[in-house]
Every structure is written in structure tokens, then in C-alpha cells.
Amino acid sequence: VVSTRNLLLFLDSQGRVIFAIGGQPADVAKWMENHDLMVEEYEYAEKHGKFPASGPNRRGTKAWNTGVSVGGGQPAPANIAMGSNEVLIERLRNHEAVKRAAGFMDRVFKTLQPDMYAYYEDYMGRLRRADPRLRPNWEPNVFAAATFNLGGQSIARIHTDDKNFAAGWCGIMAMGNFDYQKGGHMVLWDLKLVIEFPPGTVMFIPSAILRHSNTTIRCGEKRMSFTQFSAGGLFRWVDTGMQTQKDFFAQGGVHEKTGTQRWQENVRLFRTWQSVLAQANAR
């Protein structure tokens, strides 16, 4: 574990940064004002939005996805349908406080994992050039999609986000009004870690491969979250020449590298703490 100003980094046995608590910008007071504006906007969206009668999702909350994805009935990459909540989702996406949070998350990702960031940037660029109809949530930002977990108590049960890019990072921002020392902790089950996750804090984890959840919060408290991620299917779509793997194989396509080789190459995108520090000192 490496701790530096507003950062807590977790390293593997080879010194690579495998996940991080990106903390908050230096102007913490203004950042928390920004957080409070986001909470207000979330509460407005929850009050006026329409949600399935089936009730909360696996995170125990009302949630909306936005951005670009593939799978789940979508045969090709497409803008996520927003349905009857489109006006409210657009209002969230265009809110200055939300845009600042999204931009901060993107910049921290680029700072801590520049090689992985460049990999995302390359693939998302190729995807959008192939289909200009695909619309990112924010510019500049390499994450393909985002989720607004609106609350009241956004508490995730144990799960992996197995549709996300396996070797990539998911950015998560905790929000709300709760005592972070009593609840709302991030639990990383495979690493046997329980981590305080205060409102306004940003965390990055490889959510597709690490089982994670949150601890509960007290009655009367509120917890929400904002996440950014990229579906693994988008990367596969580009690798197979802008088509499904089924069509790729049906046409006699053969991957130049095995799945194991691709995984090993992707893991090498993770920077060591020493290289991140050296790059920062060189600026």
C-alpha cells in the first residue's frame, strides 16, 4: 500500500497499482460543494424519474445507465436507450457538477494508468470513427458509459461486473450523507479488505474480476454513487473488425493471439508505482 496526498494506492507483488482510492482534488472545500450539488441533482432525478415496478437493482437503488455499450440484446455497439427518463438523464449529464466529477475521474485514471488510458483512448477512438452515431457522455473522457445510482441507500451486494473490460478499471464515486466510519465501506472479498469510502471520494477497481460490495448504512442516512466503466464487448468488437465474435469466426477469422496472451498483454498495461512517480517528477 502506498499513501500520498489524496491518494491511497494498492500494489501487487510486482509493484503494479492494481486499484486506487483517488481521493479528492486539492480544493476539498469546493469539491464537497460540487458533491452537494450532485446530491441535489440526484434527489431531483429520483423524485421525478420513472422506475421499474420490480424495485431496486442489485445495488439496492434506482439506477440509470448512459453512454455506449454492447450486449444485453444490443447486437452492435449503440447509445444506451434512455426511454422515458431521457430528459432527466440529459439534465444529469449536462449538469456542471456532474461534468466536473466525470472529468476528475478521467484525469486521475490518466495519471495513475497512462498506458491503460491510452489503450482505452485508442479503442474508443476507432469505435467512434467506425460509427459516428456513438455519443460519449463527456468530452474528453475515455470511459464508454456511466451509471447514476440515485439512492436512497445505494448498497451493492457481493458481485463482479463481469461484462466490463476484464483488465480495466471502473471508477466509483461515493455520495450522500452518511457516517463513513460506521457504514458504506467498500469490501473487496478476494483481497480480504474492508475500506472506508467517504462521500465525495473516488475509487478505482478492476470490477470485472474482483468481488466487491458495500456495508450497510444506518437508518435515515442516504448513500448514492456515480460510476464510469467500459464494456469488454466494445474492445472485442474492435478486435474482430467491427463485428461480433460469432460472425468473425463464421467468416474464418482467427485471433492472432490466444486469450491468455491478450490477458497477459492487458495486465502489463498496469503501471508500477515507481513509474507513475517518475513520470510525475519528470513534469
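Conventions adopted
- Residues numbered from 1 in each chain as written.
- Predicted model: local features only at pLDDT ≥ 70, side-chain atom pairs only at ≥ 80, totals over all residues.
- Heavy atoms only, no water.
- Helix = DSSP H or I, 4+ residues; strand = E, 2+ residues; numbered from the N terminus.
- Rg over C-alpha atoms; globule rule 2.2 N^0.38 Å.
- Contact = heavy atoms within 4.5 Å.
- Areas by Shrake-Rupley, 256 points an atom, 1.4 Å probe, with all protein chains shown as cover.
- Lys, Arg positive; Asp, Glu negative; His and termini not counted.
- Charge placed at Lys NZ, Arg CZ, Asp CG, Glu CD.
- Axes fitted to C-alpha atoms, helices over the stretch in contact; angles between N-to-C directions.
- Parallel < 35°, antiparallel > 145°, perpendicular 65-115°, else oblique.
- Left-handed = near helix turned anticlockwise from the far one by under 90°.
- Salt bridge = Lys/Arg side-chain N within 4 Å of Asp/Glu carboxyl O.
- Buried < 20%, exposed > 50% of the residue type's maximum accessible area, 1.4 Å probe, protein only.
- Core = buried A, V, L, I, M, F, W, Y, C linked by side-chain atoms within 4.5 Å.
- Pairing = 2+ DSSP bridges.
- Phe/Tyr/Trp six-rings, centres within 6.5 Å; stacked < 30°, edge-to-face > 60°.
- Lys NZ or Arg CZ within 6 Å of the ring centre and 35° of its normal.

Can you help me understand the overall build of the protein chain in this one?
The helix and strand tally for the protein chain stands at 8 helices and 12 strands. In terms of overall size, the protein chain behaves like a compact globule, its C-alpha atoms giving a radius of gyration of 19 Å where 283 residues would be expected to give roughly 19 Å. For the protein chain, the spread of C-alpha atoms along the three principal axes comes to 60 × 45 × 35 Å. Of the contacts formed within the protein chain by residues at least 6 apart in sequence, a portion of 77% connects residues at least 24 apart. Counting only carbon and sulfur atoms, one obtains 52% of the accessible surface of the protein chain, whose full area is about 13900 Å². With 34 positive and 27 negative side-chain charges, the protein chain shows a separation of 2 Å between the mean positions of the two kinds.

Can you help me understand the packing of helix α1 (residues 28-48) against helix α3 (residues 96-112) in this one?
Geometrically, a packed helix pair is captured by the angle between its two axes and the distance between the axes. Interhelical geometry of α1 versus α3 gives an angle of 125° and a closest axis separation of 8 Å. By the angle between their axes, α1 is oblique relative to α3. Here the hand of the crossing between α1 and α3 comes out left-handed. Residues Lys30, Trp31, Asn34, Leu37 and Met38 of α1 lie in contact with α3, whose contacting residues are Glu96, Ala97, Val98, Arg100, Ala101 and Phe104.

Looking at this structure, how should I read the pattern of salt bridges?
Opposite charge on two side chains permits them to pair, given that their charged atoms come into close proximity. Applying the stated rule across the entire model yields 17 salt bridges. Here Lys99 makes a salt bridge to Glu96, at a shortest N to O gap of 2.9 Å. A residue pair is termed a helical-turn pair when its members lie 3 or 4 positions apart in one helix, as Lys99 and Glu96 do in helix α3 at 3 residues. Given the relative accessible area of 33%, Lys99 is considered partly exposed. A salt bridge links Asp190 to Arg211; the nearest nitrogen and oxygen atoms lie 3.0 Å apart. One end of the pair, Asp190, is in the loop between β8 (186-188) and β9 (193-195); the other, Arg211, is in the loop between β10 (202-205) and β11 (212-214), and 21 residues separate them in sequence.

Mind showing me how you'd approach the nonpolar core here?
Generally speaking, soluble globular proteins have nonpolar side chains that are buried together. Grouped together as the largest cluster of nonpolar side chains are 57 residues, with contacts concentrated most on Met38, Tyr42, Phe109, Phe148, Met173 and Phe226. Ranked by the residues each element gives to this core, the list is headed by α3, at 9 residues. Non-local contacts of Met38, meaning those with residues more than four positions away in its chain, are made with Ala97, Val98, Ala101, Met173, Met175 and Phe226. In terms of nonpolar packing, the next biggest core, distinct from the first, is built from 15 residues, Ile21, Ala145, Ala174 and Ile205 among them.

In this structure, what is going on with the sheet that holds β8? I would like to understand it.
Neighbouring strands of a sheet are bound in pairs by backbone hydrogen bonds; such pairs are parallel or else antiparallel. Read across the open sheet, the 3 strands follow the order β9-β8-β11; overall the sheet is antiparallel. A strand with exactly one partner marks an edge of an open sheet, and here the two such strands are β9 and β11. Strand after strand, the sheet turns through a mean of 20° between neighbouring axes, direction not considered. One ladder, built from 3 bridges, connects β8 with β11; its direction is antiparallel. Bridging from a neighbouring strand, Met186 pairs with Asn214 of β11.

Looking at this model, I keep getting lost on the pairing of strand β5 (residues 74-79). Mind explaining?
In summary, the side chains of a regular strand alternate between the two faces of the sheet. Pairing of strand β4 (residues 63-71) with β5 involves 3 bridges; the strand directions are antiparallel. Bridge pairing in β5 places Ser69 opposite Ala78.

Explain the packing of aromatic side chains here, please?
Aromatic rings in a pair are described by how distant their centres are and how their planes are angled relative to each other. In this structure the tally under the stated criterion is 21 aromatic pairs. Ring centres of Trp31 and Phe104 lie 5.0 Å apart, and the angle between their planes is 55°; on these two criteria the pair is classed as tilted. Here Phe104 lies in helix α3 and Trp31 lies in helix α1, a separation of 73 residues in the sequence. Each member of the pair, Trp31 together with Phe104, is buried. Feature note: the residues Phe109, Tyr117, Tyr119, Tyr120, Tyr123, Phe143, Phe165, Trp169, Phe204, Phe235 and Phe270 constitute an aromatic cluster, connected by ring pairs. We note Arg91 situated over the ring of Tyr44; from NZ or CZ to the ring centre the distance is 3.8 Å. Sitting over the ring of Tyr123, Arg126 keeps its end group 4.6 Å from the ring centre.

Can you walk me through the environment of Ala20 in this structure?
As for its placement among the helices and strands, Ala20 is situated in strand β3 (residues 17-23). C-alpha of Ala20 to C-alpha of Gly171: the two residues are 151 residues apart in sequence and 9.5 Å apart in space. The residues touching Ala20, leaving out its near neighbours within four places in the chain, are Leu8, Leu9, Leu112, Trp169, Val202, Met203 and Phe204.

In this structure, what is going on with the side chain of Asn266? I would like to understand it.
One can find Asn266 in helix α7 (residues 259-267). Beyond its immediate chain neighbours, meaning those up to four positions away, Asn266 contacts Tyr119, Phe165 and Ala167.

The analysis is restricted to geometry; functional conclusions fall outside its scope.
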